[in-house]
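Listed below, chain by chain, are the residues.
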Amino acid sequence: MSGGRKKNILKVIILGDSGVGKTSLMQRYVNGKYSQQYKATIGADFLTKEVTLDDSSSHVNNSNSNNNSNNNFNNDNSRTQHNNNTSNGSKTATLQVWDTAGQERFQSLGVAFYRGADCCVLVYDVTNLKSFENIKVWRDEFLLHANVSSPETFPFVILGNKIDVDEAKKVVSARQAQDLAKGLGDIPLFFTSAKSSINVDIAFEEIARSALQQNQLEDDMFEDDFNDAINIQLDNGPSSCQC
Amino acid sequence: MGLKKSSSSRDINQKTSSPSLFSSLMKSWSHSGHSPTRSNSKAYSSSTTDNNNLGYASDTSSNDGTANQLTRKNSSRSGSNSFTNVNDIYRMTKPIMPTNHHHSNNHSSSSSILLNNNNTNTGNINSSTIKKSHHKFSDSNEDWSAVVDDYNMPPSMDFFTDYLSKNSNTNMMLGPSPVLSKKNSGHNNNNNNYTSGSSSSSNNSNNKNSGTITYPKLTEHNYHLELENERELQELNSKLTRINKFDQILSSSSIISLAELKKLSWNGIPMGHRPLVWKLLIGYLPANKKRHEILIQRKRKEYKTGIYHIFSPQHTRDQPTWHQIEIDIPRTNPHIKLYQFPSVQKSLQKILYFWAIRHPASGYVQGINDLVTPFFQIFLTSYLPEHQKAKVCDIDPETYLTEENFAEVEADSFWCLSKFLDTIIDNYIHGQPGIMKQVSNLESLCKRIDGQLYKHLKKENVEFVQFAFRWMNCLLMREVPIDIVIRMWDTYLSETSSDDNDGGVDSAGARKGSGSSNMKMMMNNNNTLSDGTVTPNGVAQNANDLINIPTHANESVNNNNNTNNNSGSNKRKTSLSEFHVFVCAAFLETWSNSLLDMDFQGIITFLQNVPTANWGEKDIEILLSEAYMWQTLYKDATSHWL
C-alpha cells in the first residue's frame, strides 16, 4: 500500500417509505446507537463512515455466513475483474451515506441526492406491508432519477427492518421478501433491526462492498475520460497505482 | 424609540439590542424564580465602591463583549490611573452602545432597587453615592453629567441595607409580570409598579454625605460579575420600557395600530404579549379590538364544527395522511417534554389532519408538524400564570387547561397555522416549487454576498439544495432551538404581516426610512413580472383577511388571485419566502470562515449539524438584522428573482 494512494469515496443512498427506520439504521451503523428521538428527515441527512474492506472477500459469501436471511450473492462475476488494482489486501474507503426523507412529496428532490450514487439501499418495515410493496417503486424511482450508466447491474441492497418486533406484528414474510429480491435481480437482502442491532453491520458491509465494486466499475468505464462533476474520486485508475 | 439613527449599522444595533434584553430577562426570571441577579450579589457588594468609574465603563459596554474584555483588562489598575482608561473605554464603547438613551431617571431608580436586591447579604460595605462619584468624574475635566443621566449609577450601599431591612421580601418588587404594568398607559409610570422610585431617590440624597470611600479588594472574577450585573440591569430597564410600549399600543384605542405594532414587534415581543400580538400580526385577529371577541368565538366554533365533522362517521379517514401525521407526531420536537405529553400529541394530530384535509393542493407535508409548534406553544402560555410562562415546555397542559381551553388553543393554532402557511403554500405543493426557487435565490444571493464562499462551495461540488432544502422546508426550525425560532417569528410575522389596508406603507416607511419607497417600487415590479403566474412571492392577502372574514376551504388556491390583485396596488409587501432567503443567506454567511476550510464532506456534515445549541436571542437578532440589511442592499437583485 503506497502512501500516495487516495481514499475511495463511496456514495450510498438510503430510500424507503417514511418511518421504516432509515435514519435509525444509519445512526446504528455510523454511531452505534439507537434512539426513539429522531426527527422526521427533511430532504436528506448526510453521514459518513470510514470502512476497511477486505478485498479477497469481495465475494461476500463468507462474511455473510451468520446472515439469517440466507440469500445468494452469486451475482458478482463482474467483480473479480476489478481486483487487479486492489489486490494488496484490505482497502479503506469513506462511505458517504445520504439518508433521504421518506415522504412522497420530497421525491422531486431525488436527482439532487441520487446522482453519482454507488449503491442504493432500499428499506422496508416488516410490520408495514405498504412499505414493502413500495420497494419496487423506490427502486424504479431511483433508476429514473439517478441516471446510472447500466441500470441492470447497478447494486441495490434491500433491508427488511424492525425484525425485533413480535412475530405477530410482522406482516411481510421472509419468503415474500426473498421472492421480491430475487425478482428484482438477485438483490442482496438482509433482515435487520436498528433497535436491537441485528445484521446492521453485516448489511452495511455488503453495501460498502457493492458500492466499491460499482465505483471501480464506473472508474474503469470512464478511465481517463473526463472528470466526473459528482463527488466520486476517480483516482484508482492504473496511473495512480504504481505499487 | 431612543435616538434617531441614520446609518444602517446603527440601525442594526438598535434592532439587535433591545429585544433580546427582554427574553433573557424573562429567562433569568424563570431560571432563578427570584431575582435575576441574585447569584451575583456577592460580587456586586464587594466591588461597587471601588470601581465607580469602571462601573460606568461597564455600563457602556453592555452590549459588547470586546469592550467588556477591555474594561476587565483595566480593572486591575486602581485609583486615578483608571480614569483615563475609563475615558478611553467610554469613547471606544460609545458608538456601539445601543439602547441606553431612552432610560429615564425613573428607570434608573427602578434599577437601583434591583441592585438593592443583589446586596441582600451585605451590610458592611462602605458606600459611595451618585453625587460623590459624579464629583469624582468632574475631576477628570469631562462632562460626566451626561453619563450619570444616561447610565444608571448604582445607588448607595446604605440605601440598600436600609431598604432591605424594611423589605424582607425583595422578590415581590421584581414582579416580572408585564401584567402589572398593563394598568398604566404612560410608560414612565411603570416604576411605581415595580419599585418605589421616590423613596429610592430620597434615600440616595440622604446618603449623599455619608461615609468615606474605601476600596475593597476586587478580584477579576468579581469584577466580571459586576459587569454582568450592570448589564442585566440595563437589559431589565430596556425590557420594561418595551413591555410598556406594547401595553400602550394594545390598550391605547379601540383600533390597534398594526403599523406601530409591526414596527415594535420586529425587535421582539415580550412573552406576555406574544399570544395576542402574533394573532394580530398574522391577521387572525382584526385591528378593531371591539371585534376580537366576536371573531375569535366564531373562528373557534368553526374549528370545533370542522373537527366534529371530519371525525364523524360520515367522514372517510384519509388513511395515508392520517398515518403520516401519526408517525410524525412523536417525532415532533422529541427533545422537548411538552411534545411528549399525550394531550399535546392528540391536539397536534387533530390540527394537522384538519389542515391537511382542508388543503388538498398540498396536503400534509413533513415539516408542517414543526411549523405548528411555535403557535401551539405560544398560545398555551396565555393560560399560564406569568411566572410559569417560560416553563411552558415542561408542564403538561392537561394540568392547567380545561377541555374547552384545549379546544381554544387548538383552534387558534389551527387558524394561525393556516394563515401562516397560506403565504408559503408553494413550498408544499407538488414539486415544492417554492422551496426550489428559494434555494436558487439563496444561491444567487450567496454569489453576490460572499463570492469566495460561493466559489468554494462550487469547487467542492456542494449543491445548495443539499443543505438548504431543509432550511426552507422548515424555516430554519431544525437549525436553531425553539425559543430562538419563536423570537425569529416575532420578526417574520411583523416583516410580512398583512396590514396593507391599514397603512402598510406607513409602517414600512416608519421603520425603514428612505429605503422603503425603493423597495416598494421593487416589489411592484416584482409583482408585475409575476402577473398571472403562481409565484412564491404571491403572499398578499385579500383586504378581507385583515378584518378576518371567515376563510374557506379554498384558501390554498387563492394565491394566484391575490398576486394579481396586489400587482395593481402601491403597497409594499415583503413575502415571507423572500425575507427568509435573506435570513438563510445571513445564516450561511455566519459560518463562512469555517466552511472555507472544509471539503465537501466537512461542509455537508457541518451544515447538517450547525452548532447553534447555545445560541441566544442576540445571535438570532444579529442574523435578522443582517438579513434586513441585505434585503435593503440587494433589493435590485431580488427583482430578478423568480
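Note that this is a predicted model, so its numbers are computed, not measured. (Residues numbered from 1 in each chain as written. Chains lettered and ligands numbered in written order. Predicted model: local features only at pLDDT ≥ 70, side-chain atom pairs only at ≥ 80, totals over all residues. Heavy atoms only, no water.)

**A short note on the overall build of chain A**
Spelled out, the test is: The way it works is that DSSP assigns letters per residue, a run of H or I at least four long becomes a helix, a run of E at least two long becomes a strand, and they are numbered from the N terminus. The buried label goes to any residue with under 20% of its type's maximum accessible area, the exposed label to any with over 50%, and the partly exposed label to all in between, with areas taken from a 1.4 Å probe on protein chains only. Here the accessible surface of atoms and residues is derived via Shrake-Rupley with a 1.4 Å probe, and residues count as covered only by protein chains that are part of the display.
Along the backbone of chain A there are 5 helices and 6 strands. Taken from N to C terminus, the helices and strands of chain A fall in the order β-α-β-β-α-β-α-β-α-β-α. Looking at the 243 residues of chain A, the share that counts as buried comes to 57%. Summed over its atoms, the accessible surface of chain A is roughly 10300 Å², and 46% of this surface lies on carbon and sulfur atoms.

**Points about the packing of aromatic side chains**
Going by this rule: Two rings belonging to Phe, Tyr or Trp (six-membered ring only in the last case) form a pair when the distance between their centres is within 6.5 Å. Interplanar angles under 30 degrees mark stacking, angles over 60 mark edge-to-face geometry, and anything in between is tilted. We call a charge positioned over a ring when the NZ of a Lys or the CZ of an Arg lies within 6 Å of the ring centre and within 35 degrees of the ring normal.
Enumeration according to the criterion identifies 34 aromatic pairs over all chains in this entry. Ring geometry for Phe414 of chain B against Trp415 of chain B: centres 4.9 Å apart, planes inclined by 75°, an arrangement best described as edge-to-face. The same class applies to Phe414 of chain B and to Trp415 of chain B, which are both buried. Across the ring face of Phe156 of chain A, the terminal group of Arg139 of chain A is positioned such that the distance to the ring centre comes to 6.0 Å. Sitting over the ring of Phe379 of chain B, Lys279 of chain B keeps its end group 4.7 Å from the ring centre.

**Details of the interface of chain B and chain A**
As a reminder of what qualifies: Residues are treated as being in contact if the distance between any of their heavy atoms lies within 4.5 Å. Buried surface area refers to the total accessible area, computed with a probe of radius 1.4 Å, that the two partners give up upon joining, counted for both partners together. Salt bridge, as used here, is a side-chain nitrogen of Lys or Arg placed within 4 Å of a carboxyl oxygen of Asp or Glu. We call two N or O atoms a polar contact when they sit within 3.5 Å, provided that within protein one can donate a hydrogen and the other can accept it, with sequence-adjacent residues counted only if both atoms are side-chain atoms. Side-chain classes are defined by residue name, with Ala, Val, Leu, Ile, Met, Phe, Trp, Tyr, Cys and Pro counting as nonpolar, Asp, Glu, Lys and Arg as charged, and the others, Gly among them, as polar.
Facing 34 residues of chain B, the contacting portion of chain A comprises 30 residues. Of the roughly 2700 Å² buried between chain B and chain A on both sides combined, carbon and sulfur atoms contribute 50%. Taken together, the connections running from chain B to chain A amount to 2 salt bridges. The salt bridge partner of Asp45 of chain A is Arg470 of chain B, with a shortest N-O separation of 3.2 Å. Linking chain B with chain A are 16 residue pairs in polar contact (both at pLDDT 80 or more). Listing elements by their share of the side of chain B that touches chain A, those giving two or more residues are helix 18 (319-328), helix 24 (464-473) and helix 32 (600-608) of chain B. Class assignment for the residues of the side of chain B that touches chain A results in 12 nonpolar, 16 polar and 6 charged.

**A short note on the environment of Leu109 of chain A**
With respect to the helices and strands, Leu109 of chain A occurs in the loop between strand 3 (90-100) and helix 2 (110-114). What makes Leu109 of chain A buried here is its relative accessible area of 3%. For the pair formed by Leu109 of chain A and Ala44 of chain A, sequence separation is 65 residues and the distance between their alpha carbons is 9.0 Å. Every residue in contact with Leu109 of chain A, bar those within four places of it in the chain, is listed here: Gly43 of chain A together with Met436, Val465 and Phe469 of chain B.

**Examining helix 1 (residues 22-31) of chain A**
Among the 10 residues that make up helix 1 of chain A, 9 are buried, leaving the element largely enclosed by the rest of the structure. Within helix 1 of chain A the residues assigned to the buried category are Lys22, Thr23, Ser24, Leu25, Met26, Gln27, Arg28, Tyr29 and Val30 of chain A.

**Here's the deal with the sheet that holds strand 6 (residues 189-191) of chain A**
Residue and element names in this part refer to chain A. Basically, it comes down to this: A strand pair is defined by DSSP finding two or more bridges across the two strands. A fitted line through C-alpha atoms represents every axis, and for helices the fit uses only the stretch in contact; the resulting angles, taken between N-to-C directions, go from 0 to 180 degrees.
In spatial order, the strands read 2-3-1-4-5-6; together these 6 strands make up an open sheet with mixed pairing. Taken across any chain shown, the strands that pair with only one partner, and hence form the sheet edges, are strand 2 (44-54) and strand 6. Taking each pair of neighbouring strands and ignoring which way they run, the sheet shows an average axis angle of 25°. As paired strands, strand 1 (residues 8-16) and strand 4 (residues 119-125) are joined by 5 bridges and run parallel to one another.

**Looking at the environment of Phe204 of chain A**
All names here are of chain A. Looking at where Phe204 falls in the secondary structure, it is placed in helix 5 (residues 200-221). Phe204 sits 153 residues away from Val51 along the chain, and the two C-alpha atoms are 9.6 Å apart. The residues contacting Phe204, other than those within four sequence positions of it, are Ile14, Leu25, Met26 and Tyr29.

**Topic: the confidence of the model for chain A**
Condition: Looking at any residue, its pLDDT shows the predictor's confidence there, from 0 to 100.
On average, residues of chain A score 80 in pLDDT, and 74% of them reach the 70 mark or higher. For residues 234-243 of chain A, every residue scores under 50 in pLDDT, and the model assigns this stretch 18 contacts once sequence neighbours within four places are set aside.

**A short note on the packing of helix 17 (residues 292-310) of chain B against helix 19 (residues 342-358) of chain B**
All names here are of chain B. The following threshold applies: Any angle that falls under 35 degrees is termed roughly parallel, while one over 145 is termed roughly antiparallel, one within 65 to 115 roughly perpendicular, and all others oblique.
Where helix 17 contacts helix 19, the axes come no closer than 11 Å and their chain directions differ by 85°. With respect to their mutual orientation, helix 17 and helix 19 come out roughly perpendicular. Residues Glu302, Tyr303, Gly306, Ile307 and Ile310 of helix 17 pack against Lys350, Ile351, Tyr353, Phe354, Ile357 and Arg358 of helix 19. Residues of the contact of helix 17 with helix 19, tallied by class, amount to 7 nonpolar, 1 polar and 3 charged.

**Concerning unusual backbone geometry**
Not every positive phi belongs to a glycine, and Asn199 of chain A is a case in point at roughly 65°. Relative to the helices and strands, Asn199 of chain A resides in the loop between strand 6 and helix 5. The phi angle at Leu476 of chain B is positive, at roughly 65°, despite the residue not being glycine.

**Here's the deal with the pattern of salt bridges**
Across all of its chains, the model carries 24 salt bridges over all chains by this definition. Asp140 of chain A is the salt-bridge partner of Arg139 of chain A, the closest N and O atoms lying 3.6 Å from each other. Relative accessible area serves as the criterion here: at 16%, Arg139 of chain A is assigned to the buried category. Its relative accessible area of 33% is what places Asp140 of chain A among the partly exposed residues. A salt bridge links Arg300 of chain B to Glu408 of chain B, with the nearest nitrogen and oxygen atoms 3.9 Å apart. Of this pair, Arg300 of chain B sits in helix 17 while Glu408 of chain B sits in helix 21 (residues 403-422); the two residues are 108 residues apart in sequence, bridging distant segments of the chain. Both residues of the pair, Arg300 of chain B and Glu408 of chain B, count as buried.

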